[in-house]
Amino acid sequence: MAENFQHPLQCMQFVKKKNGDSRNVLVASAGAKLFSYSAESGKRLSVWPQDGVDDPNANNAGSNLEIEGPPGKKRKVDTSSEQKVGVESTKKPAAWTSIPVVTSTSDGEYLVALTGEDKCVRVFQIEGDGSFLQLSERQMPKRPCAITFMENSDILTGDKFGDVYSMPLIPSAEPRAVSKTRNQMGSMRIAATNLTVHTQRNLRSLEMQLERQNDSNQKKESEKPIFDHDLLLGHVSLLTDVAFASLPSPDPSSTQKRSYILSADRDEHIRVSRSAPQAHVIENYCLGHTSFISKLCIPQWAPEFLISGGGDPHLIVWNWAAGELLHTVPLIEESLEGKEVAVRGIWAASLGPEAQRVIFVSLEGSPTLQTFTLETNGSITPQDPVKASGNVLDVQVSEDANTVLISVDCIREPGSTQEWRSSPVPSASLLEAFRLKQGSRNKLEWESVSDAVINTINEAGTSPVSLPADGDHKQKAALNNSLYTMTNLRKKLGEDYDER
């Protein structure tokens, strides 16, 4: 006898069209699939990859997995069209088990998703019927851990190797010479030539060295991605998050803005660099964390502030352009001091008729969504938290409706990242909504919302997770590790904190 759990919604993203299209779509990842829902009715619109085609490349035979043409040359992944012409689709296992990053451009035209194990950055268009039209897939040298956009909609990715790359949203149809990798930039070049050696033995030795170097270079060239991507900057530590922001130019006579790349790492550093083509210029560092940093948040309505969190039991608010620490605020009660915490997510929103500046913070393996208000001077005030029925995985805010959508871990016990529930919970626990109440002016209060949209999304479910009645501990561990990774950033006793 098997127990069937539903894959929780790992990531969510509102895709709001700004080109006159009135359709707004909620896109979510669960397991190895993407789901799209109508934001107005909650109806499920599409699933990617489609059922029966776990490997979407089966429908794109002959396409280059690293170089994709412009949107007009691509076609929608749709198994029904193949069946109409008598083409039998081949069901193959997907090359990934999770989709840990989903984001969209500000105009709602494009969706970017990262598929886990194959390290592919995939660009989609959401069609009028809500279906996914894949435009490109690009396999990165290392798995990205963060994806955002620059001012020209170029994709900015940071990987756990410590490198930050930029690449065009829509790749060109022709390959070009790509930037050098860190290893290539630091490789040694053989300086000797046949004119500088004077014995037959040394000449043979030089020839052997040159042959080995040529073989190594050829191997590197064959392994290098051949799509447009530029290495902008690198950390010597494991990179955890990246952000992009623009501020008015420090030159008072200029009306243009200056753009910056902010990158955080496991070694408690936040680096503020200029944007391309001057990403090698470091403006300053924001130093004040004593444990790893996992999340950076720059509110759109207050780009001068940065809120950061990670393995410390507090948040920090920065004037990041000056590298100035403004405020800290605790994330746990004094009675729990000493308990290890890890910040999973930080979100900023403007809610209510008075446009309250709200900061939401979730902790790894916690069913509590903490809320704060950010004042104009950068101070941050705790507010009443939001209590979900399970661990908070992701958050999306509907500012128009003053509503917060929370994806809930419906598999594990609330407060635990490892212990599973004894039996599956109703699908109504996949997504929960809370609305800002009309409370006192200086205090935010929340009320649970159960409307037709949320109920329709929950009733549709996602995809089942089937386990034997006695439990498959290996599969459980793999599923746990795909959702909960923050604690792996914490350094173990004996690790060097200064020289990594």
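Please read all numbers here as calculations on a predicted model, not as lab measurements.

Here is what the cut-offs are and how they apply
Residues numbered from 1 in each chain as written. Predicted model: local features only at pLDDT ≥ 70, side-chain atom pairs only at ≥ 80, totals over all residues. Heavy atoms only, no water. Pairing = 2+ DSSP bridges. Helix = DSSP H or I, 4+ residues; strand = E, 2+ residues; numbered from the N terminus. Axes fitted to C-alpha atoms, helices over the stretch in contact; angles between N-to-C directions. Buried < 20%, exposed > 50% of the residue type's maximum accessible area, 1.4 Å probe, protein only. Contact = heavy atoms within 4.5 Å. Arc of directions from axis to C-beta. pLDDT = per-residue confidence, 0-100. Phe/Tyr/Trp six-rings, centres within 6.5 Å; stacked < 30°, edge-to-face > 60°. Lys NZ or Arg CZ within 6 Å of the ring centre and 35° of its normal. Salt bridge = Lys/Arg side-chain N within 4 Å of Asp/Glu carboxyl O.

## Comments concerning the sheet that holds strand 13 (residues 230-234)
- Ordered in space as 10-11-12-13, the four strands form an open sheet in which the pairing is antiparallel. Each of the sheet's edge strands pairs with one partner strand only, and the pair in question is strand 10 (144-149) and strand 13. Ignoring strand direction, the axes of neighbouring strands in this sheet form an average angle of 25°.
- In this structure, strand 11 (residues 155-159) lies alongside strand 12 (residues 163-167), joined through four bridges in antiparallel fashion. Bridge pairing in strand 12 links Leu-156 to Ser-166.

## A look at the sheet that holds strand 29 (residues 446-449)
- With respect to topology, four strands assemble into an open sheet ordered 26-27-28-29, the strand pairing being antiparallel. The open sheet has two edge strands with one neighbour each: strand 26 (392-398) and strand 29. For this sheet, the mean angle separating the axes of adjacent strands, direction not counted, is 30°.
- Inspection of the sheet shows strand 26 paired to strand 27 (residues 403-408) by six bridges, in the antiparallel sense. Note on strand 27: the bridge partner recorded for Val-392 is Val-408.

## A closer look at the environment of Glu-413
- Mapped onto the elements, Glu-413 comes out in the loop between strand 27 and strand 28 (431-436).
- Overall, the relative accessible area of 27% leaves Glu-413 in the partly exposed class.
- Discounting chain neighbours no more than four positions away, the residues touching Glu-413 are Asn-391, Glu-419, Trp-420, Arg-421 and Ser-422.

## A short note on helix 5 (residues 473-483)
- Where helix 5 is concerned, the buried positions are Leu-479, Asn-480 and Leu-483. Burial along helix 5 is one-sided: seen end-on, the buried residues are contained in an arc of 100°.

## A short note on the confidence of the model for the protein
- The predicted model of the protein has a mean per-residue pLDDT of 81, with 75% of residues at 70 or higher.
- Within the model, pLDDT remains below 50 along residues 58-90, and this stretch shows 66 contacts once partners closer than five positions in the same chain are excluded.
- Every residue in residues 177-188 scores below 50 in pLDDT, and together they form 22 contacts with partners more than four places removed in sequence or on other chains.

## Side note on the packing of aromatic side chains
- Evaluated as defined, the whole model comprises seven aromatic pairs.
- For the cation-ring pair, Lys-142 lies above Phe-161, with the distance from its terminal atom to the ring centre recorded as 5.2 Å.

## A few points about the pairing of strand 15 (residues 257-265)
- When you tally the buried positions in strand 15, you get seven out of nine residues, the bulk of the element.
- Where strand 14 (residues 239-248) and strand 15 come together, nine bridges link them in antiparallel fashion. Across the sheet, residue Leu-247 finds its bridge partner in strand 15, namely Arg-258.
- Where strand 15 and strand 16 (residues 269-274) come together, five bridges link them in antiparallel fashion. Bridge pairing in strand 16 places Ala-264 opposite Ile-270.
- Hairpin geometry of strand 15 and strand 16 is characterised by an intervening segment of three residues between the two adjacent antiparallel strands and by a positive phi of about 70° at Glu-268.

## Things to note about the pattern of salt bridges
- According to the stated counting rule, one finds eight salt bridges in the structure shown.
- The salt bridge partner of Arg-122 is Asp-118, with a shortest N-O separation of 2.9 Å.
- Arg-122 gets classed as buried once you look at its relative accessible area, which sits at 0%.
- Looking at Asp-118, the relative accessible area reads 10%, which means it is buried.
- Linking Arg-490 and Glu-340 is a salt bridge whose minimum nitrogen-to-oxygen distance equals 3.4 Å. Pair noted here: Arg-490 is in the segment after helix 5 and Glu-340 is in the loop between strand 21 (324-330) and strand 22 (343-351), with a separation of 150 residues, a long-range link.
- Of the residues examined, Arg-490 reaches a relative accessible area of 16% and is grouped as buried.
- Because the salt bridges share partners, they merge into one network encompassing Asp-118, Arg-122 and Glu-137.

## Details of the side chain of Ser-29
- Mapped onto the elements of the fold, Ser-29 is located in strand 3 (residues 24-30).
- Residue classification places Ser-29 among the buried residues on the basis of a relative accessible area of 0%.
- Those residues in contact with Ser-29, other than ones at most four positions away along the chain, are Pro-8, Leu-9, Gln-10, Cys-11, Leu-34, Ile-99 and Val-102.

## So, the environment of Glu-447
- Structurally, Glu-447 is set in strand 29.
- Note: C-alpha distance between Glu-447 and Val-386 (61 residues apart in sequence) is 8.5 Å.
- Apart from the residues lying within four places of it in its own chain, the contact partners of Glu-447 are Ala-433, Phe-434, Arg-435 and Lys-437.

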